[in-house]
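Structural overview for review
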Amino acid sequence: MIKSPPLGSSSGLTNLASAKRILLLIGGGIAAYKCLDLIRRLRERGHHVRVVMTKAAQQFVTPLSVAALTNERVFTDLFDLDDEREIGHIRLARDADVIVAAPATADLIARMAGGHADDLATAILLATDKPVLVAPAMNPRMWLNPATRRNVEQLKRDGVHFVGPAVGEMAERGEAGPGRLVEVPELLAAIESQFAIPAEGKPLAGCRVLVTSGPTHEPIDPVRYIANRSSGKQGHELAAAAARLGADVTLVSGPVSIAAPQGVHVVRVSTAEEMLGAVKAALPADLAIFAAAVADWRVSTPNTSKIKKSGSDAPPELTLTENPDILKTIAQLRKGRPTLVVGFAAETNDVLAHAKKKLKSKGADWIVANDVSSRTGIMGGEHNAIHLLTSEGTESWPEMSKAEVATKIVTRAANHLATLKRAAAE
Ligand code: C5P
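Please read these numbers as outputs of a predicted model, since none were measured by experiment. Sequence order sets the numbering: in each chain, residues are counted from 1 along the sequence as written. A pLDDT threshold of at least 70 governs which residues receive local features in this predicted model, and a stricter bar of 80 or more applies before side-chain atom pairs are shown or counted, although totals over entire chains, interfaces and linings include all residues. To obtain the side-chain values, all non-hydrogen atoms of the structure were included, while hydrogens and water were left out.

Description of helix α11 (residues 272–282)
- Burial classes: relative accessible area under 20% of the type maximum marks a residue as buried, over 50% as exposed, and values in between as partly exposed (1.4 Å probe, protein chains only). Only DSSP runs of H or I reaching four residues or more are called helices, and only runs of E reaching two or more are called strands; each is numbered from the N terminus. Inspection of α11 places Ala-272, Met-275, Leu-276, Ala-278, Val-279 and Ala-282 among the buried residues, and these make up the whole buried set. Taken end-on, α11 shows its buried residues confined to a sector of 165 degrees, consistent with a single buried face.
- By the convention used here, residues are in contact when the closest approach between their heavy atoms is within 4.5 Å. On the buried face of α11, the contacting elements are β8 (208–213), β9 (218–219), β11 (248–253), β12 (265–268), β13 (287–290) and α12 (326–331). To obtain the arc, one takes the directions from the helix axis to the C-beta atoms.

Shown next, in the form of structure tokens:
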């Protein structure tokens, strides 16, 4: 029986304690070549990489190249007697700290979502109890197809993590959109974020974090409401990132169709007034992030029964009342104000000018501004390009996944809270 090599034995290690065993399942896509670079980078960082290739993957890169880079044999067959005698699929599934499927094709994702186990890769995915990270790569139309959307949502509900896909040009000429495998640095960061963070890597341990997310629904009558296109993805990622850094997180969410992140306390609300109530109930907090797209107005008196269309009448007129500004209310509290209050500014024009005004008028400490005009694809999309406005100035960050934006904002907030704490102690 082959013994797992000791962690880090495969390269000039710099950090033995953080070296991990990564099982990489390479799927059949043109982007499979990026896995060669990924393997090199992972080994440079001291990780041990074992690879399983699907049949289709072997059409794009050869097991020989992969074996040369991993310095290990490559596993390809579920029913290979030699493989099963040496190290069965159950052990492959268990002998890893994290399993990464990249590039994950629409077919691989569908088979995972369906719980199939008809080849070595899917059998391992079904047998594992380890974190699974999926990096999809496919044609944009396949990614946007309702079947793929359903499969991805199902896998997210099952606790599978995703990175990407990135938006851009595809290998097929003239095709562009979401579907590219993320670049190696992003993949590396996502893989390393899967490892259990040691206590010293949990800078928000002992902190209470409050996050608002998603849209609000303001009723017109029992069946109709005023809403907006917010998906809740950025807010949910912020809550997940804060939980990963050790915080005690309350996520106050408007109606969304995405899964709640693990390890956070979720309070589901519908209207802005309900959201304000839930936010107040969740205080005190050290950090409050208001990522929800709250409706500015509600219908003053929603009809108690469905408004009927009657031939000759003019269309009904809706009288609107301004909703409470939740961010402003909390930022301007005299007692019990969270130490760090972060607002969002979703704008479609003059993004920075509007965001600067909001920083002042709302009383927030930081404003995260983004351009949500439809051409950016940010609202409802997987990526975000933000400007961070603080009392010290404005930083513009390059486009990245909403998960990465969340990790960076929350890490930054954790550092800021630590600085304030140190200053208070001096
Ligand atoms: O909608 P607006 O651009 O003013 O939103 C800016 C910030 O204020 C966001 O953080 C949003 O969550 C928050 N907000 C709020 N309550 C409102 C309107 C906005 O908390 N009624």
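Let's talk about helix α5 (residues 106–113)
- Burial in α5 covers these residues: Ala-106, Leu-108, Ile-109, Arg-111 and Met-112.
- Looking at the buried side of α5, the elements it contacts are β3 (98–104), α6 (120–127), β4 (132–136), α7 (140–144), α8 (146–157) and β5 (161–162).
- Directly beyond the C-terminal end of α5, a positive phi value near 70 degrees is found at Gly-115.

Some details on the site of the ligand
- In this text, near means that some heavy atom of the residue lies within 4 Å of the molecule or strand in question. The local shell around the ligand consists of Phe-290, Ala-292, Val-294, Asp-296, Pro-324, Asp-325, Ile-326, Leu-327, Gly-343, Phe-344, Lys-358 and Lys-362.
- A 3.5 Å cut-off defines polar contacts: any pair of N or O atoms within that distance qualifies, except that in protein one atom must be a possible hydrogen donor and the other a possible acceptor, and neighbouring residues in sequence count only when both atoms are side-chain atoms. Separating an oxygen atom of the ligand from a backbone N or O atom of Phe-290 is a distance of 2.5 Å.
- The separation between an oxygen atom of the ligand and a polar side-chain atom of Lys-362 is 2.8 Å.
- The set of elements that each furnish at least two residues to the shell around the ligand consists of α12, β16 (340–347) and α13 (351–362).
- Here the term charged refers only to Asp, Glu, Lys and Arg, the term nonpolar to Ala, Val, Leu, Ile, Met, Phe, Trp, Tyr, Cys and Pro, and the term polar to all other amino acids, Gly among them. Here the residues of the shell around the ligand sort into 7 nonpolar, 1 polar and 4 charged.

Focus on the environment of Ile-326
- Looking at the secondary structure, you find Ile-326 in helix α12.
- On the accessibility criterion, Ile-326 (3% relative accessible area) is buried.
- Residues Ile-326 and Val-279, 47 residues apart in the sequence, show an inter-C-alpha distance of 8.1 Å.
- For Ile-326, the residues in contact, after removing those within four places along its chain, are Ala-272, Met-275, Leu-276, Val-279, Phe-290 and Val-294.

Quick word on the domain arrangement of the protein chain
- Each domain's extent is set by a domain assignment, obtained either automatically or from a database. The assigned domain composition of the protein chain is domain 1 (21–194) and domain 2 (208–302 + 315–425).
- When each unit is reduced to the centre of its C-alpha atoms, the spacing between domain 1 and domain 2 is 33 Å.
- Counting residues at the interface gives 10 residues for domain 1, matched by 9 residues for domain 2.
- What counts as buried area is the accessible surface, traced by a 1.4 Å probe, that two parts surrender upon association, with contributions from both included. Between domain 1 and domain 2 lies a buried interface of about 700 Å² when both sides are counted; carbon and sulfur atoms form 48% of it.
- Together, Glu-153, Lys-156 and Glu-186 form the three largest contributors to the area buried by domain 1 at its contact with domain 2, with a combined 41%.
- Whenever a carboxyl oxygen of Asp or Glu lies within 4 Å of a side-chain nitrogen of Lys or Arg, that contact is scored as a salt bridge. Where domain 1 touches domain 2, the interface holds 0 salt bridges.

Quick look at the pattern of salt bridges
- On inspection of all chains with the given rule, the structure shows 20 salt bridges.
- A salt bridge links Arg-94 to Asp-129; the shortest N-O distance between them is 3.9 Å. With Arg-94 in helix α4 (residues 89–94) and Asp-129 in the loop between α6 and β4, this residue pair connects regions lying 35 residues apart in the sequence.
- A relative accessible area of 39% means that Arg-94 is categorised as partly exposed.
- Residue Asp-129 is classed as exposed on the basis of its relative accessible area, which comes to 55%.
- For Asp-118, the salt bridge is made with Arg-111, and the minimal N-O distance between the two is 2.8 Å.
- Judged by relative accessible area, which is 14%, Arg-111 ranks as buried.

Comments concerning the sheet that holds strand β20 (residues 393–396)
- Strands are treated as partners if at least two bridges between them are detected by DSSP. Taken in spatial order, the 8 strands line up as β12-β11-β8-β13-β16-β17-β19-β20 in an open sheet, and their pairing is mixed. At either end of the open sheet lies a strand with only one pairing partner, and these are β12 and β20. Within the sheet, the average angular offset between the axes of one strand and its neighbour, ignoring direction, is 15 degrees.
- Summarising the sheet, β8 and β13 pair through 4 bridges and their orientation is parallel. Among the inter-strand pairings, Val-209 is bridged to a residue of β13, identified as Leu-287.
- Note on definitions: angles span 0 to 180 degrees between N-to-C directions of axes, and those axes are lines fitted to C-alpha atoms, for helices only across the stretch in contact. Contacts between α13 and the sheet are confined to β16, β17 (366–371), β19 (386–390) and β20, with β17 contributing the most and set at about 155 degrees to the helix.
- Lying over the sheet, helix α14 (residues 402–425) contacts β13, β16, β17, β19 and β20, oriented at roughly 165 degrees with respect to β17.

Details of the packing of helix α1 (residues 34–44) against helix α9 (residues 184–194)
- Taken N-terminus to C-terminus, the directions of α1 and α9 make an angle of 50 degrees; their axes are 10 Å apart at the nearest point. With respect to their mutual orientation, α1 and α9 come out oblique. Note that α1 runs across α9; the crossing there is right-handed. Where α1 approaches α9, its residues Lys-34, Asp-37, Leu-38, Arg-41 and Leu-42 are matched on the opposing element by Val-184, Leu-187, Leu-188 and Ile-191. In this scheme, roughly parallel covers angles under 35 degrees and roughly antiparallel covers those over 145, while 65 to 115 is roughly perpendicular and the rest are oblique. Definitions for this section: a left-handed crossing has its near helix turned counterclockwise from the far helix by less than a right angle. A right-handed crossing has that turn clockwise.

Some points on the side chain of Ser-230
- Residue position: Ser-230 is located in the loop between β10 (225–226) and α10 (233–244).
- Assessed through its relative accessible area of 15%, Ser-230 is described here as buried.
- A polar contact of 3.5 Å, which involves the side chain of Ser-230, links it to the backbone nitrogen of Gly-232.
- With sequence-adjacent residues up to four places away left out, Ser-230 is seen in contact with Gly-214, Pro-215, Ala-293 and Met-379.

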